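# Structure assessment
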Amino acid sequence: ETGVTQTPRHLVMGMTNKKSLKCEQHLGHNAMYWYKQSAKKPLELMFVYSLEERVENNSVPSRFSPECPNSSHLFLHLHTLQPEDSALYLCASSQARTGGYGYTFGSGTRLTVV
Amino acid sequence: AQSVTQPDIHITVSEGASLELRCNYSYGATPYLFWYVQSPGQGLQLLLKYFSGDTLVQGIKGFEAEFKRSQSSFNLRKPSVHWSDAAEYFCAVDNQGGKLIFGQGTELSVKP
């Protein structure tokens, strides 16, 4: 148990579907992150929430919509995705503005868009 | 701007051989440094970190890393690689504000 739980582990969705990815952490952290990891590509930081406020949005298409209702939960709402959005989506958490502790990652959601 | 470079995209070593994965960073002050490992289809797991003090740090699974300020490097080493070490390895730097910048990763393959 890593302390960061992502559900579902696998998701197959059509391009017209709407689905959500969920991330939950029980570490008392107050910053949460969404990363996209495509095959043979570096980690791409998508969104950062610090103290429940979105502080970073790295030019992510609007078909991805994050939500952070409290410091323990993070969602990524998906709609009208494209096949190139198929990837491993990783959630991470950390203690905001406190250096030296790193991030704790979840196991990821493997998303396939058909 | 801060950056992390892992010069080797893919490395293959024989089981039982020694391993060194390279990491160079660009940062004005002494950063906090991390190595993470990712098995296929899994999240990233922290192997070790450098915070301050002794420049040789020990981590889990028999890994160690050495911080060399003069070379802006934080290379990961293991004396004898096991087949289960096959994975992707990421170096990361923390700007002391809690935000990590990751390298592109090095994929390690282990030959029997």
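Scroll up a little and you will see the structure.
These lines cover the structure that appears in this document, whether it is placed above or below. The structure presented is a predicted model; accordingly, all values stated were derived computationally and were not measured.

Residues and elements named next belong to chain A. All told, the structure shown has two disulfides over all chains when counted by the stated rule. Across the disulfide, Cys 23 is cross-linked to Cys 91 (sulfur-sulfur distance 1.9 Å). Around the S-S axis, the bridge from Cys 23 to Cys 91 shows a dihedral of about -75° and counts as left-handed. Of this pair, Cys 23 sits in strand β3 (residues 18-25) while Cys 91 is found in strand β9 (residues 87-94), placing the two residues 68 residues apart along the sequence. The closest cysteine sulfur to the non-disulfide-bonded Cys 68 is located on Cys 91, 9.1 Å from its own sulfur. For Cys 68, a relative accessible area of 12% gives the class buried.

Before going further, it helps to spend a moment on unusual backbone geometry. With the exception of glycine, most residues fall at negative phi, and the peptide bonds are largely trans. Residue and element names in this part refer to chain A. With omega at -10°, the peptide bond leading from Thr 7 into Pro 8 counts as cis. Secondary-structure assignment places Pro 8 in the loop between β1 (4-7) and β2 (10-13). Non-glycine residue Ser 59 carries a positive phi angle of around 55°. By secondary structure assignment, the location of Ser 59 is in the loop between β6 (53-57) and β7 (64-70).

What follows covers the layout of surface pockets. Put simply, the largest pocket is a space of about 530 Å³. For the largest pocket, the lining is made up of 22 residues, of which Gln 37, Ala 39 and Lys 40 of chain A together with Glu 88 and Glu 107 of chain B are closest to its centre. Among the elements of the structure, β10 (87-94) and β12 (106-111) of chain B are those that each provide at least two residues to the lining of the largest pocket. Class assignment for the residues of the lining of the largest pocket results in eight nonpolar, nine polar and five charged.

The rules behind these values
- Residues numbered from 1 in each chain as written.
- Chains lettered and ligands numbered in written order.
- Predicted model: local features only at pLDDT ≥ 70, side-chain atom pairs only at ≥ 80, totals over all residues.
- Heavy atoms only, no water.
- Disulfide = S-S within 2.5 Å.
- Helix = DSSP H or I, 4+ residues; strand = E, 2+ residues; numbered from the N terminus.
- Buried < 20%, exposed > 50% of the residue type's maximum accessible area, 1.4 Å probe, protein only.
- 1 Å grid on protein atoms, 1.4 Å probe; cavity = no way out; pocket = protein on both sides within 12 Å on 5 of 7 lines; lining within 4 Å.
- Points joined across faces, edges and corners; volume = space filled by probe spheres on them.
- Nonpolar A, V, L, I, M, F, W, Y, C, P; charged D, E, K, R; others polar.

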